[in-house]
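# Understanding the architecture of this molecule
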Amino acid sequence: MTRLSAQEYRERYGATTGDRIRLGDTDLWVRVGEDRTAPGDEPIWGYAKNLRMRMTQDDTATGPSELDVLIAGVIVIDPVLGVIKADIGIKDGRIAGIGRAGSPLISDGIDLVVGPHTKPYMGYGLIATPGAIDSHVHTITPEILAPALAGGVTTIITAGFEEPPFAMERVLAGVEDWPLNIGLQAGARALDEQHMDALLAAGAVGFKIHEDNGAYPDLIDHVLRYADAHECSVSLHTDGLHESAELEDTVAAIGGRTVHAYHVEGVGGGHVPDLLGLVREPSILCSSTTPTLPFGVSTAVEHVPMIMLNHGLSYAVPDDVALVRERVIPVRMAAEGPLHELGAIGIINSDSQGMGRIGETTRRAMQLAHVMKHWRRSEASEGIPGLPDDEGLADPDDRDDTSRVLRYLAKVTIEPAITHGISDHVGSLQVGRMADIVLWKPGFFGVKPEWTFKGGFPAWGSFGEGNASLERSEPTRYRADWGGRPQAAPKGSVIFVTGVADRPSLARRLGTRRALVPVRGLRGITRSAFVRNQATAPVEIDVRTGAVALGGRPLAVAPVSEVPLSRRYLLR
Amino acid sequence: MHLIPWEEERIQLFGAAELARRHRAAGLRLNHPEAVALICDAMLEAARAGSTYEEAEAAGLAAVDPDEVIPGVRELLTEVRLEVLVGDGSRLIVLLDPLGRGELPDRFGPGALVLGDLEDREVNAGREAINLVVTSGSRRQIRISSHYPFHRVNQRLEFDRAAADGFRLDIPAGAYTGWEPGETKSVRLVRVAGTTGAAGRAAR
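### Remarks on empty space enclosed by the protein
Residues and elements named next belong to chain A. Inspection of every chain in the model, using the stated rule, returns 4 cavities of 30 Å³ or more. Volume-wise, the largest cavity comes out at about 50 Å³. As for the largest cavity, its lining consists of C232, S233, V234, T258, V259, H260, L285, T419, L522 and R523. Those elements that place two or more of their residues in the lining of the largest cavity are β16 (233-237) and β17 (259-261). Here the lining of the largest cavity is composed, by residue class, of 5 nonpolar, 4 polar and 1 charged.

### Points about the side chain of R399(A)
Its location among the elements puts R399(A) in the loop between α10 (361-376) and α11 (402-410). If we skip the residues at most four places from it in the chain, R399(A) touches R20(A), W29(A) and F108(B).

### Things to note about the domain arrangement of chain B
Domain boundaries in chain B define domain 1 (5-96) and domain 2 (129-203). Relative placement of domain 1 of chain B and domain 2 of chain B: their C-alpha centres are 46 Å apart.

### Concerning the packing of aromatic side chains
Inspection of the entire model under this criterion finds 12 aromatic pairs over all chains. Judged by centre distance (6.4 Å) and plane angle (65 degrees), the ring pair of Y13(A) and Y124(A) falls under edge-to-face. With a gap of 111 residues between them, Y13(A) in helix α1 (residues 6-13) and Y124(A) in the loop between β10 (119-122) and β11 (127-130) connect regions that are remote in the sequence. In this structure Y13(A) comes out as buried when scored by relative accessible area, which is 1%. Taking the centre distance of 5.1 Å and the plane angle of 50 degrees together, the rings of W440(A) and F445(A) count as tilted. The two residues W440(A) and F445(A) agree in class, both being buried. Aromatic rings pair up to connect Y9(A), Y13(A) and Y124(A) into one cluster. Its guanidinium or amino end placed over the ring of W29(A), R399(A) lies 5.2 Å from that ring's centre, counting from NZ or CZ. A cation over a ring is seen here: R121(B) above Y9(A), with NZ or CZ 4.8 Å from the ring centre.

Each value, and the rule that gives it
Residues numbered from 1 in each chain as written. Chains lettered and ligands numbered in written order. Predicted model: local features only at pLDDT ≥ 70, side-chain atom pairs only at ≥ 80, totals over all residues. Heavy atoms only, no water. 1 Å grid on protein atoms, 1.4 Å probe; cavity = no way out; pocket = protein on both sides within 12 Å on 5 of 7 lines; lining within 4 Å. Points joined across faces, edges and corners; volume = space filled by probe spheres on them. Helix = DSSP H or I, 4+ residues; strand = E, 2+ residues; numbered from the N terminus. Nonpolar A, V, L, I, M, F, W, Y, C, P; charged D, E, K, R; others polar. Contact = heavy atoms within 4.5 Å. Domains from an automatic or database assignment. Phe/Tyr/Trp six-rings, centres within 6.5 Å; stacked < 30°, edge-to-face > 60°. Buried < 20%, exposed > 50% of the residue type's maximum accessible area, 1.4 Å probe, protein only. Lys NZ or Arg CZ within 6 Å of the ring centre and 35° of its normal.

Next up, the structure:
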């Protein structure tokens, strides 16, 4: 037996059970709940280290039992697994385990066997999260892809406007060489079933109903019926004009069936002023978009020009300006954060370039978690029923936000994965999922990743000069790693499609080298299928003002003037 | 100009540093990328002006005062790697904690780790252990790392090899123990765990 001081142990191997880590410059702290690594036999690669022949490498393990890739000694922050110090094992591009790596010849309890064909990466001192899923992406320009990857996004689900089929084919071809999974939700723009059949045959993973293409009750009913029969997703941007339907009519058309409701902050579109009433319905899986998160002092003012220019309106037409002003309701924006804190809005997504910033999906989720921590400690949250546990309130130093961090991380990982029927593949680091892993230095968590693995191989990161004697010499900039280069990227990335698509023929037609992966298990679910955002909130909404209350108490957070993960990190 | 990528990258650093200089001149506190850019630019400029490697390094360390950055930036800025062009060619400079100035970092700064317990950690606890006297017959230094099968070490180390079969040094993973030429020291070994350890225990 040998002794190490508490400090030296962490300097060598990183945090362990019971330690707290501050995430970036937020006031959020996570507590390490468990340490699965091998004490005394931690695998470490390098000069005078032990990840070698006859040591923590099992020299007899060549073959199916050994890992392809090891990420050693990392702090896993996963919405399903929690906060765990562990080794991550990867085999065939998927997670083989979150456990203890090494050689069973010399260590006990090894569930991840390191062999001579295992590629080791040292994760000591780093945090690993599942790659983020942005479930509301408009592929307006291909410029969105690089910032998405630099923001830790590894899966995008599009939000309509990719159709018709020939256009979808071009978008898929354009994404082919980027290390991202993609699923196209095509716009449902008619009741004609041939129209919908053709979209699924072209690779659509589901449908988007959008008020700018019509969000009428009969269309909602028709698309949901079709979706139940064909197991595909439906995302809904409701009728803000009340041309065909008001909130109650939309809810009646949905009729208790599963639907992903977009923009449950209101300002991006949908029923004015009471769209947030959708949080009452368990079958409506609610998301809201990044521009309003967290609610800031400039949120309302920026939204007028954003909506004008995004929705084909003209400043020269006074009616257009009036329509937009009706949608921008600060008192409603103030309720969005508390509904996220409650877990009643379960998903955060970007609405990229359709009024959102794709590189900020994870960043804004963490900024919101920070703001809502303070809201929970203010008078504004007093008496609100149904608020979830908050370990920090019982901690003398208020340094335990583990469940809050996991709740907000879930909003950009596992909850959208469940919603879109892809949680067998992405959204967490459970065994069997694609090894889409974002590594972070704790000080940069949520804003600038250290390295992104896609399908089990490094695909994106902040890299320095190619001529330099070492990697990562300044100036370091985000760009593709080997796994993110053309030809390599499609080996680790997939196209999500429906089970009814003829995949071999679609693959031939697209000429793709990606696997086509069918979605499943997404129909008939309610918010109780979510991991950390299961609440339904019986909110009361004033239909004159849009103000939201719960249990007779106003549901509102004051706009913030300063957010973390921002000017300390970003050159601008 | 025939700019190679390395030269274009210099211009990127210059642009960032120039922006940072403007912000500093306006009385703004610097953020992380601004501070990195100014540190790099100072080293590159010193090298360009003919300074030595050490002078360029010193220029980097002096480029930004800790009071000129936003609180927390010092804790984020743990390392700068840069290739400069000094008189004898391209050289790598690595600055560690360049804004530290010997002061302790903020214990609760960005990315802080607060230990859950301050107790010593025991490693290799509960494993069968033996002590052996080991003498080096080498004319050179010998260093043995934590997990090297001890009975297989350099033949110039003299000890009871048969007794060491199945054992390794009782030191933390990734650490090592060294012998100077002719040195004799007593080391503690622990039996490896896993199937090898189990077989060894069974054989005794």
